[in-house]
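Structural features, examined
Below, each chain spelled out in residue letters.
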Amino acid sequence: ALDFAVTSGLRQDAVQKAIAAPQSVCLDYETFKNNYKDTKSLCEEAGFTFTPLVFEAHGGGWSAAALRVFGQIAKQQKSAGILCKEGVSLKIAQRLSTAIHMANSRAVLKRLSAGMPSAPTVLDLEAADVDRDHRLEV
């Protein structure tokens, strides 16, 4: 069972540790995922392996398990000739990074829109006056 998880080294409880040891962000969250509701043990009892794949949302870090799993996927795609061998790993990394950034953007916009008054989405530059120092005054 693969468990995709995204965490952040900018969390208040993690930032000091992340400064000293950046890899701790993914490692700590991987440990949390393994122990949460005893997931790893329950999976092993059921006869399959539980692997949390942890990504850091802001710095772009990947857990060791995520690197191993996606490295193996890239090797399989290379051997199958799905993509040129130089591009497989990069393509996987780009797609995952884009998905994480999109999710971050949605989360930020959702939080912002909940507490802010509506604002115009486009600044009408023709209606604005620009002074001689090139400052925009609306």
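These notes cover the structure that comes with them.

The rules we used
Residues numbered from 1 in each chain as written. Predicted model: local features only at pLDDT ≥ 70, side-chain atom pairs only at ≥ 80, totals over all residues. Heavy atoms only, no water. Salt bridge = Lys/Arg side-chain N within 4 Å of Asp/Glu carboxyl O. Helix = DSSP H or I, 4+ residues; strand = E, 2+ residues; numbered from the N terminus. Buried < 20%, exposed > 50% of the residue type's maximum accessible area, 1.4 Å probe, protein only. Phe/Tyr/Trp six-rings, centres within 6.5 Å; stacked < 30°, edge-to-face > 60°. Pairing = 2+ DSSP bridges. Expected span 1.5 Å × (residues − 1).

**Quick look at the pattern of salt bridges**
For the structure on display, the rule yields 3 salt bridges. The salt bridge involving K33 is made with D3; its shortest N-O contact spans 3.3 Å. Note that K33 is positioned in helix α2 (residues 24-35) and D3 in strand β1 (residues 2-7), a separation of 30 residues in sequence. K33 gets classed as buried once you look at its relative accessible area, which sits at 18%. Between R11 and D13 there is a salt bridge, with its nearest N and O atoms 3.0 Å apart.

**What about the packing of aromatic side chains?**
Here a ring pair, both rings aromatic, is described through the centre-centre distance and the interplanar angle of the planes. In this structure the tally under the stated criterion is 6 aromatic pairs. Pairing F55 with F70 gives two aromatic rings, centres 6.1 Å apart and planes at 55 degrees, and the pair type is tilted. Pair noted here: F55 is in strand β2 (residues 51-56) and F70 is in helix α4 (residues 64-80), with a separation of 15 residues, a long-range link. Taken individually, F55 and F70 each receive the classification buried, so the pair is uniform in this respect. By way of ring pairs, the aromatic residues F4, F55, W62 and F70 are connected into one cluster.

**Things to note about the pairing of β2**
Counting buried positions along β2 gives 6 out of 6 residues, so the element sits mostly inside the fold. Neither face of β2 is left uncovered, since the one carrying T51, L53 and F55 and the one carrying P52, V54 and E56 both have all their residues buried. Relative to β2, β1 runs parallel, the two sharing 6 bridges. Across the sheet, residue A5 finds its bridge partner in β2, namely V54.

**Thoughts on α2**
The end-to-end C-alpha distance of α2, which contains 12 residues, comes to 16 Å, matching closely the 16 Å that a straight helix rising 1.5 Å per residue would cover. Within α2 the residues assigned to the buried category are S24, V25, C26, E30, K33 and N34. Within two residues after α2, K37 carries a phi angle of roughly 55 degrees, on the positive side.

**Concerning the environment of S97**
Note that S97 resides in helix α5 (residues 88-115). Along the sequence, S97 and H58 sit 39 residues apart, while their C-alpha atoms lie 9.8 Å from each other.

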